[in-house]
Amino acid sequence: MWYVSTRGMAPQIDFEGALFSGYAPDGGLYMPEELPQLDRETLHKWSTLSYPSLVKELCSLFIGPELIPRDDLNDLIDRAFSRFRHREVVHLSRLRNGLNVLELWHGVTYAFKDLSLCCTAQFLQYFLEKRKRHITVVVGTSGDTGSAAIESVQGAKNVDIIVLLPKGHCTKIQELQMTTVLRENVHVFGVEGNSDELDEPIKTVFADAAFVKKHNLMSLNSINWSRVLVQIAHHFFAYFRCAPSLDMHPLPPVEVVVPTGAAGNLAAGCIAQKMGLPIHLVVAVNSNDIIHRTVQWGDFSLSKAVKPTLASAMDIQVAYNMERIFWLLSGSDSQVIRALMEQFERTKSVCLPKELHSKLLESVTSQSVSDEAITQTMGRCWRENRYLLCPHSAVAVSCHYQQVDRQQPSPPRCCLAPASAAKFPEAVRAARLTLDTPAEILALEHKEARCTPMRKGDDWTRMLRDTIEDLSQQWQGRFLNLPA
């Protein structure tokens, strides 16, 4: 299995190469050169598998046994999910009025990113130990990625992690989950800006190929292929749990509602579709609606500013995984994608070619959900089911309720729930509901915190480069002092 850049100007690499890369050298994102096609028999066989077993099957299709033998791969994935609170790892709640909520948040940080990042960290450490290497991971976060990335590598001897968080733009709990991990290999910066602004110094650093190579830099944002790979399993699991029967001809469709900001989960769903899974995707966004405008009108352009919403982890304008989706739907036409994305980087505005836009409309429908609709949905779900949604999950469930209220026939529907309501007490209060906060989250308030400020007017790129250089020197010093 080889991986190529969406922009077509970088050499092909294997899974290990893609794992350790952020953006490709030509500015694109890595994708499998070819997608495995799953027949009816394989889908039938997979339909009874647990979530961890599905992840193993999917990963084995994209990671050659010469890189990670199957027994080792199984062990790594078991280890990745060993700290999850629910025995199923991922759980489907079946609620009133055909509402199916797939709970992806039973990991350490109560968010879906634990699923892919725990696996990614295991893959990383496997190769690092084999190669006797050290890496520095750089992560920009809008809320949940940072804490999940920290938890996945904290204490790892071959990894340092630098996280940039948008000060005041994520919830207090999200911030504390990052700033209270006082491990030697964890370095957190609080940036006076939003999540799109803090991505700029990261992109600048990664654009310097010589610097990246010298300091073994990598990203764990959802630009990393390994994260998208694990997320493909969400869609298969949702389908198998919600499809009425796999004995029907053709296989019955299932609608999967994907709340998203950077479109990683949506890219995973489009890949699942292309592999032969009969799902229809509904992408649900908050008021930061670039993905909705792209689907509806082919308008892939930035708004004037990011709007703060109750679904704060989705307060993103630059939905970078849309590039993967465009590449997939264009028939892997890297020339078209390169021209499109280079224009977007120059002008911050692109109108999709007609053919690409119609392909997108065939695969995906979309909705944008206001804060008012979020709180109304949280309230309705509580009244009908005594079930508390986080604001991001409410973005998805709002789409379900709109369909139910129209009383139109539709296939079974599964709403992905990316986080626990416990992480968003402000939104729960806005919905006039009460929260039973888990003890681990309450304990965060009383822990010591550590966070270096990046203030307006500071040279953020220089600060980031200096930190990376210091960490490299420390590692080299430690490595030289290791016993022979």
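Residues numbered from 1 in each chain as written. Predicted model: local features only at pLDDT ≥ 70, side-chain atom pairs only at ≥ 80, totals over all residues. Heavy atoms only, no water.

**Quick word on the packing of aromatic side chains**
In total, this model carries 14 aromatic pairs according to the counting rule given. Their ring planes at 90 degrees and their centres at 5.7 Å tell us that Y51 and F237 sit as a pair that is edge-to-face. One end of the pair, Y51, is in helix 3 (residues 51–62); the other, F237, is in helix 10 (residues 225–242), and 186 residues separate them in sequence. Of the two residues, Y51 and F237, neither departs from the other in class, the shared state being buried. The interplanar angle of 85 degrees and the centroid separation of 5.5 Å between the aromatic rings of F81 and F84 together place this pair among those described as edge-to-face. In this structure an aromatic cluster arises from ring pairing among Y3, F15, F62, F123 and W225. Seen from the ring of F20, R133 lies directly overhead, with NZ or CZ sitting 4.8 Å from the centre. Here R465 stacks its cationic end above the ring of F211, 4.0 Å away from the centre of that ring. (Phe/Tyr/Trp six-rings, centres within 6.5 Å; stacked < 30°, edge-to-face > 60°. Helix = DSSP H or I, 4+ residues; strand = E, 2+ residues; numbered from the N terminus. Buried < 20%, exposed > 50% of the residue type's maximum accessible area, 1.4 Å probe, protein only. Lys NZ or Arg CZ within 6 Å of the ring centre and 35° of its normal.)

**Describing the environment of P52**
Along the chain, the position of P52 falls in helix 3. Take P52: its relative accessible area is 15%, and that puts it in the buried class.

**Considering the UniProt feature "domain: Tryptophan synthase beta chain-like PALP" (unreviewed entry) in the chain**
UniProt marks residues 106–329 with the feature "domain: Tryptophan synthase beta chain-like PALP" (unreviewed entry), using the numbering shown here. The span residues 106–329 carries 45% helix and 17% strand; its end-to-end C-alpha distance comes to 32 Å. (UniProt positions renumbered as here; feature names shortened; annotations may be inferred.)

**Some remarks on the pairing of strand 14 (residues 413–417)**
Two faces belong to every sheet, and in a regular strand the side chains alternate between them. For strand 14, the tally of buried residues reaches five of five residues, placing the bulk of the element in the interior. On strand 14, burial covers both faces: R413, C415 and A417 on one face and C414 and L416 on the other are all buried. Bridge count between strand 9 (residues 254–259) and strand 14: three bridges; the pairing is parallel. From the neighbouring strand, E255 faces strand 14, where its bridge partner is R413. (Pairing = 2+ DSSP bridges.)

**Here's the deal with the sheet that holds strand 10 (residues 279–285)**
The sheet built from six strands is open, its strands ordered 3-4-14-9-10-13 with mixed pairing. Each end of this open sheet is capped by a strand with a single partner; those strands are strand 3 (91–94) and strand 13 (364–368). The sheet shows a mean angle of 25 degrees between the axes of neighbouring strands, taken without regard to direction. Judged from the five bridges that link them, strand 10 and strand 13 form a sheet pairing that is parallel. (Axes fitted to C-alpha atoms, helices over the stretch in contact; angles between N-to-C directions.)

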